[in-house]
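Results of the structural survey
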Amino acid sequence: MITYFVSLALLAVIYGIAAIGLNILVGSAGIFSLAHAVFFGVGAYAAALMAIHVTPDILVCCGAAIGVTAVLSLCLAFPALRVRGEYFVVASLGLQMVAATVFNEAQGVTGGYGGLAGIPAPTIFGTFSLGTPTRLLLTSLGILLLGLGVVLAFMRHSFGRALGAIRDSEIAARAIGKNVELLKTTAVVLGCTYAGVAGALFAFDIAFINPESFTLDQSGLILTMVVLGGAGTLLGPLVGAVILTLLPALLTFLPMVPPTEIGTLQQFIYGLTMVLLMIFRPAGLVGRRSARR
Amino acid sequence: MLVIQIIIAGLQTGLLYALMGAGFSLIFGATRVFHAAHGATFVVSGYAFVTCLKLGLPLWIGALAAMLFAVAFGLLLNALVYRPIQRDRGSFFTVFVAAFGSVIVVQSAMEFFFGREPQTVGSSMTRSVEVLPHLFVAPIFPIILVIAVISLGAVASFLRWTSVGLSLRALSDSPSLVEAFGLDPKKASNLAFGIGSALAAPPAILIAMTNGINPAAGAHVMLISLASTIVGGIGSLVGAVAGGILLGLAENGAIAVFDTQWSEAAGFVVLFAFIIIRPSGIFGARITR
Amino acid sequence: MITRRGFVVGAAAAVAAPAVIARAADAPYALGTLYPMSGLNAEFGDMYAKATSLAVEHIAEEKLIRWPIEVRSQDSQATPQGGAVGMSRLVNVDQAPYVLLGFTGVSKAAAPIGERSKTVMVNGGGVGPDLANLSPYFWNVIPLANQEISALVPYLAAQRLLKVAVVFVDDPLGQGMLAELQKRLPTIGGEVVGSYSIPPTARQFGAIAARIRDVKADAVYFAITGGGLLMQLIKQMRDNGVDQPLITYSVGNLPSLASLPEANGLVFTGQSADWSSSYPATKRFVDGWRSKHGSDPTIYAQNYYNGTRLFALLVRELERTGAGVTGEALLEQRRRGGKFDFSGGEVSFDENGLITSRIQVSRFTSGRVEVLRAGDL
């Protein structure tokens with residue numbers, strides 16, 4: 001039973017890291033991306049390939065994930081510089097859909113729909129294995145705290161204020177001399193690398209990855225975590241991640257639901273929660289009550 | 001001949017996308033609400049049609065039901081979800097997440113009542129006939145063409161020639177001005193939702209007859225409709241139609257030229273290209289950055 | 001927009017909450033099952049689960065083994081991801097030494113997990129050719145696609161269907177079957193004239209039908225995972241002027257397809273099954289199934305019945321020697337050879353954990369299954 005909770009917690013932490021990253025884009029910079037799962041996937045594939053072919057050292061694999069994700073996130077940064085708002089949403093949507101097909105087709109790299117199986121357990125400092133769920137959870141928590149620290153540092157710094165300025169009015173921000181292009185690109189790259197690291201941890205957790213985990217569904221899930229918790233707040237994304245990861249688990253304990261309908265019921269409650277929350281508490285659970293956007 | 005066949009297939013799909021895109025564009029253009037749940041309207045409408053036919057009711061009643069349910073659903077969503085959010089100065093994010101949630105609610109409700117398997121109504125109209133050597137066209141194709149032209153023509157005329165239609169166009173430019181002229185923005189927004197949602201009924205009926213309706217069917221159609229609105233140019237009805245047709249052709253064309261695997265992504269590649277090169281779309285106004 | 005996938009990780013983690021069937025308190029044997037209990041292929045999972053529980057009942061009645069069997073089930077959703085997560089749960093949480101599973105993608109994802117933990121995995125439904133060599137711990141009680149295609153090829157030759165167009169889902173099963181066809185057709189002077197891969201979420205096949213017509217194939221072969229997609233494909237092929245014979249593998253033997261008018265004439269291969277046989281184990285299975293479910297069983301049901309039975313037969317030997325029931329011990333026992341008394345006849349395994357079976361070629365004729373060519377071993 002303990003293993004069960006540990007694995008659930010691990011999942012919440014992993015998605016939490018990804019959600020924090022998306023919050024940098026959505027909450028701080030106003031860049032509404034539906035492609036976050038793409039970078040989650042890129043990080044997962046990078047780490048998995050590194051672990052399978054070179055070394056399962058967690059620092060190396062996460063480093064690979066960060067590197068590859070940072071470079072590929074420029075694919076998202078580019079449209080972010082060209083358009084914003086609804087246009088950008090649809091553009092990110094386009095990127096997500098194309099990436100899904102690329103993941104399926106680049107079989108030499110990703111293994112296609114059959115995926116990459118048998119990802120070895122992560123190690124650190126040579127031989128110390130982080131393979132058990134508990135150890136992986138502690139590692140992930142460490143990474144999560146580190147990630148939060150980085151966000152805090154950035155946001156306290158003028159970077160955070162500058163992003164806020166861009167979110168509120170790009171024209172004004174440019175008028176006061178902010179290098180909008182550089183700031184936006186930095187935000188995108190930073191946010192996406194969080195997703196990459198989360199993806200690497202995900203790959204180690206399940207020991208198997210394939211394109212099914214990196215679709216529009218997951219992008220939507222992570223986005224909902226951010227908005228539910230409260231975009232722009234520090235802990236909002238985490239709250240959202242915990243709730244949305246736990247919700248399906250809690251539902252399984254309802255006695256009167258037949259097992260074949262559990263999935264449907266989960267979705268229904270999930271969707272309804274989203275709608276109600278947006279009507280009555282749009283700033284999210286952590287956000288201020290009548291937050292003006 | 002293969003080329004012509006693919007073009008016809010592309011047109012058939014494209015017209016359906018065009019209708020969905022036009023509906024979305026109308027709603028978005030008039031109310032500025034990013035009605036991402038338009039796909040849910042499609043699904044509800046389709047199931048209404050299929051259920052009527054499965055109950056043995058004639059085709060025209062099914063079609064009527066599809067239309068009624070589509071309009072009712074669109075209005076319901078506007079009243080229960082979008083308006084409360086907008087009252088509270090809801091941001092784009094909020095509306096989007098709410099729409100997203102609504103889609104999920106509808107999808108799971110449909111799954112619960114109808115199951116996940118596609119439901120279809122068999123009809124001889126979907127069976128192709130060899131009209132020219134190696135050219136197969138189903139009787140349903142000219143029907144789709146006619147319905148699309150009539151619907152779009154009707155909507156366009158309405159917007160252009162009637163005063164109510166004019167008020168809708170005015171609404172997107174300046175809601176306060178509309179009020180000043182004594183027109184009710186709330187009524188106008190309902191009108192937009194009503195007409196826009198009604199446009200989802202013909203595609204739903206046609207898809208129900210050809211491929212079958214299943215709860216997840218709205219998603220793909222919705223995504224492509226969003227894409228066609230952007231490609232065509234937000235705010236332009238003609239653009240949404242052109243965008244839809246273009247994307248339908250791209251999707252089917254990809255099958256002919258590239259690996260069949262890329263058909264789903266083809267539309268989005270086109271979208272992405274437009275965003276990078278010409279974000280305002282084919283017919284849209286230049287967007288200010 | 002959200003499919004089951006959006007929840008797969010969370011939900012599968014959730015399903016792991018051990019819901020244990022209350023049985024005798026002593027030391028029941030844990031038998032894991034990894035079937036699709038939700039999603040488009042839940043029809044299969046339901047069938048497999050029924051077969052498993054029938055077998056467990058019979059095993060208890062025959063008093064084959066000392067302690068009762070406790071079935072621990074996880075939902076694979078018929079996807080590789082679901083399979084990986086479910087297998088992980090079965091190994092870590094349910095501690096099952098022996099797991100029954102199905103579907104090629106699921107198997108390939110679960111195999112490394114089972115191998116690492118030395119858990120026996122028995123496949124009764126997936127037919128991808130590379131399931132033959134996944135791991136010493138991975139056994140197959142179903143003939144694989146290469147065996148099915150080997151049996152199909154003489155039929156193709158006899159019917160002069162030499163130019164075959166292949167529509168396949170781009171997953172391990174589809175790829176494996178395409179490769180097999182590409183290998184075997186030239187031996188009868190035929191060839192794969194066109195191969196069209198479709199994403200598992202595809203819905204519109206009109207353009208593919210156009211290409212198939214263009215390439216002038218003699219027949220069309222479907223290497224598709226799952227019945228719902230197959231139904232749509234067949235309907236749209238016929239709707240779009242593809243008149244050629246349609247052929248597929250054992251997945252075609254579905255009641256929902258039998259009643260589809262467009263599927264009339266669909267040819268499919270599959271294991272030979274003689275439900276009227278008087279072989280005791282067969283009779284017991286068929287009678288049990290008929291009395292419980294009021295219809296004839298399917299070949300898949302028989303495979304999972306046998307897979308469960310195999311567990312009991314092996315455990316019986318282990319009990320005799322006093323060995324603990326672990327994956328390793330079960331593998332050793334199976335390797336000792338000998339014949340196993342299955343429904344359908346006695347079987348033995350080769351070193352790869354494969355059994356030999358008879359394959360037959362059948363066709364849907366007016367909603368009924370008509371056997372065209374009974375198989376030879």
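Since this is a predicted model, take the numbers as computed values, not measurements. (Residues numbered from 1 in each chain as written. Chains lettered and ligands numbered in written order. Predicted model: local features only at pLDDT ≥ 70, side-chain atom pairs only at ≥ 80, totals over all residues.)

1. Concerning the overall build of chain A
Cut-off, in case you're wondering: Only DSSP runs of H or I with at least four residues qualify as helices, and only runs of E with at least two residues qualify as strands; both kinds are numbered from the N terminus onward. Two things to know: the radius of gyration comes from C-alpha atoms, and the globule rule equals 2.2 Å times the number of residues to the power 0.38.
Tallying secondary structure elements over chain A gives 13 helices and four strands in all. On C-alpha atoms alone, chain A measures out to a radius of gyration of 19 Å, which is about the 19 Å that the 2.2 N^0.38 rule sets for 293 residues.

2. Thoughts on the overall build of chain C
The criterion, for reference: Think of it as a crowd count around each C-beta: if 20 or more other C-beta atoms lie within 10 Å the residue is buried, if 12 or fewer it is exposed, and in between it is partly exposed, with C-beta placed from the backbone throughout. Throughout, a residue-residue contact means that the two C-beta atoms, derived from backbone geometry, are no farther apart than 7 Å.
When its secondary structure is counted, chain C shows twelve helices and 14 strands. Taking 377 residues into account, the globule formula puts the C-alpha radius of gyration at 21 Å, and chain C, at 21 Å, falls close to it. Reported as C-alpha extents along the three principal axes, the dimensions of chain C are approximately 65 × 50 × 40 Å. Classification of the 377 residues of chain C by burial places 59% in the buried group. Contacts spanning at least 24 positions in sequence make up 68% of the contacts within chain C whose residues lie at least 6 apart.

3. Regarding helix α7 (residues 206–215) of chain C
For α7(C), a buried count of seven out of ten residues is recorded, marking the element as mostly surrounded by other parts of the structure. Burial in α7(C) covers these residues: G206(C), A207(C), I208(C), A209(C), A210(C), I212(C) and R213(C). For α7(C), the elements touching its buried residues are α1 (2–31) and α11 (237–257) of chain B together with β6 (163–169), β7 (191–198), β8 (219–223) and α8 (227–239) of chain C. Downstream of α7(C) by a residue or two, K216(C) has a phi angle that is positive, lying close to 55°.

4. Section: the domain arrangement of chain C
By a widely used convention, the size of an interface equals the accessible area lost when the partners come together. All names here are of chain C. Worth spelling out the cut-off: Segmentation of the chain into domains, including their bounds, is taken from an automatic or database domain assignment. For this classification, Asp, Glu, Lys and Arg are treated as charged, while Ala, Val, Leu, Ile, Met, Phe, Trp, Tyr, Cys and Pro are nonpolar and the rest, including Gly, are polar.
With domains assigned, chain C is organised as domain 1 (5–143 + 277–347) and domain 2 (146–273 + 359–373). Computed over C-alpha atoms only, the centres of domain 1 and domain 2 are separated by 29 Å. With 18 residues of domain 1 at the contact, the number on the domain 2 side is 19 residues. Contributions of two or more residues to the side of domain 1 that touches domain 2 are made by α4 (104–116) and α11 (299–321). The element that contributes the greatest number of residues to the side of domain 1 that touches domain 2 is α4, accounting for three residues. Of the residues assigned to the side of domain 1 that touches domain 2, the class counts are eight nonpolar, seven polar and three charged.

5. Some words on the pairing of β8(C)
Residues and elements named next belong to chain C. Put simply, the test is: If DSSP finds at least two bridges between two strands, the strands pair.
The buried count for β8 comes to five of five residues, which makes it a mostly enclosed element. Both β6 and β8 contribute to a ladder of five bridges, which runs parallel. Bridge pairing links F168 to A223 in β8. Bridging between β8 and strand β9 (residues 246–248) involves three bridges; their strand directions are parallel. Bridged to V220 within β9 is L246.

6. Details of the sheet that holds strand β5 (residues 138–140) of chain C
Residue and element names in this part refer to chain C. To be explicit about the condition: Orientation is described by lines fitted to C-alpha atoms, with helices fitted over the stretch in contact, and by angles between N-to-C directions that extend from 0 to 180 degrees.
The five strands lie next to each other as β2-β1-β3-β4-β5, forming an open sheet whose pairing is parallel. One side of each edge strand has no neighbouring strand; the edge strands of this open sheet are β2 (69–75) and β5. Each adjacent strand pair in this sheet contributes to an overall mean axis angle of 25°, direction not counted. Here strand β3 (residues 98–101) pairs with strand β4 (residues 120–123) via four bridges, running parallel. Note that in β4 the partner of V99 across the bridge is M121. Taken strand by strand, helix α3 (residues 80–92) contacts β1 (29–35), β2 and β3, and its axis lies near 150° from that of β2. Contacts from α11 reach β1, β3 and β4, with the element oriented near 170° to β3.

7. Some words on the environment of I198(C)
With respect to the helices and strands, the residue I198(C) is situated in strand β7. Classification of I198(C) as buried rests on a count of 23 C-beta atoms within 10 Å. Taking the C-alpha atoms as reference, I198(C) lies 7.4 Å from V167(C); in sequence the two are 31 residues apart. In contact with I198(C), other than residues within four places in its own chain, are T260(B), V167(C) and V169(C).

8. Looking at the nonpolar core
Stated formally: Each nonpolar core consists of buried Ala, Val, Leu, Ile, Met, Phe, Trp, Tyr and Cys residues. Their C-beta atoms, within 7 Å, join them into a set.
The biggest cluster of nonpolar side chains holds 330 residues, and the ones touching the most others in it are A18(A), A47(A), A198(A), F49(B), A66(B) and V220(C). If we ignore the near neighbours within four places in the chain, the residues touching A198(A) are I14(A), Y15(A), I17(A), A18(A), F40(A) and G43(A).

9. Examining the interface of chain C and chain B
Of the residues lining the interface, 25 residues belong to chain C; the matching set on chain B comes to 29 residues. Among the elements of the structure, β7, α7 and α8 of chain C are those that each provide at least two residues to the side of chain C that touches chain B. With seven residues, the top contributor of residues to the side of chain C that touches chain B is α7(C). Looking at the side of chain C that touches chain B residue by residue, the class counts come to ten nonpolar, nine polar and six charged.

10. Considerations on helix α11 (residues 216–229) of chain A
For clarity, the cut-off: Residue count minus one, scaled by 1.5 Å, sets the expected span of a helix.
Its 14 residues give α11(A) an end-to-end C-alpha distance of 20 Å, which sits within 8% of 20 Å, the value for a rise of 1.5 Å per residue. Once α11(A) finishes, G230(A) follows within two positions and takes phi at roughly 130°, a positive value.

11. Details of the interface of chain A and chain B
Counting residues at the interface gives 38 residues for chain A, matched by 39 residues for chain B. Sorting the residues of the side of chain A that touches chain B by element identifies α4 (74–82), α5 (86–105), α11 and α13 (259–280) of chain A as the ones contributing at least two each. Here the element with the most residues in the side of chain A that touches chain B is α5(A); it accounts for twelve residues. Counted by class, the side of chain A that touches chain B contains 22 nonpolar, nine polar and seven charged residues.

12. Some details on the sheet that holds β6(C)
Sheets are built from strands paired through backbone hydrogen bonds, the pairs being either parallel or antiparallel. Residues and elements named next belong to chain C. Strand order across the open sheet formed by seven strands is β7-β6-β8-β9-β10-β13-β14, with mixed pairing between neighbours. Both outer strands of the open sheet, β7 and β14 (368–373), are each paired with one neighbouring strand and no more. Taken over all neighbouring pairs, the strand axes of this sheet differ in orientation by 30° on average, direction set aside. Lying on the sheet, α7 is in contact with β6, β7 and β8; it crosses β7 at an angle near 170°.

13. So, unusual backbone geometry
You will see that R32(B), though not glycine, has its phi angle at about 60°, which is positive. By the secondary structure assignment, R32(B) is in the loop between α1 and α2 (38–54). The exposure class of R32(B) is partly exposed, given the 15 C-beta atoms found within 10 Å. The phi torsion at Q77(C) lies on the positive side, around 55°, for a residue other than glycine. By the secondary structure assignment, Q77(C) is in the loop between β2 and α3. The exposure class assigned to Q77(C) is buried, which follows from the 33 C-beta atoms found within 10 Å.

14. Focus on the environment of G344(C)
Residues and elements named next belong to chain C. Mapping G344 onto the fold places it in the loop between β11 (340–342) and β12 (345–347). Residues G344 and G327 lie 17 residues apart in sequence; the distance between their C-alpha atoms is 26 Å. Setting aside its immediate chain neighbours within four residues, G344 contacts A273, T282 and Q302.

15. Let's talk about the packing of α4(A) against α5(A)
Residues and elements named next belong to chain A. What counts here: These descriptions rest on fixed angle ranges, namely under 35 degrees for roughly parallel, over 145 for roughly antiparallel, 65 to 115 for roughly perpendicular, and the rest for oblique. Left-handed is the label given to a crossing in which the near helix is rotated counterclockwise from the far helix by less than a right angle, and right-handed is the label when the rotation is clockwise.
Between α4 and α5, the least distance of the axes is 10 Å, while the angle of their chain directions is 155°. The orientation of α4 relative to α5 falls into the category roughly antiparallel. Once α4 is placed against α5, the crossing between them reads as right-handed. Residue-level contacts link C75, L76, P79 and A80 of α4 to F88, A91, S92 and L95 of α5. Across the contact of α4 with α5, the residue classes tally to seven nonpolar, one polar and no charged.

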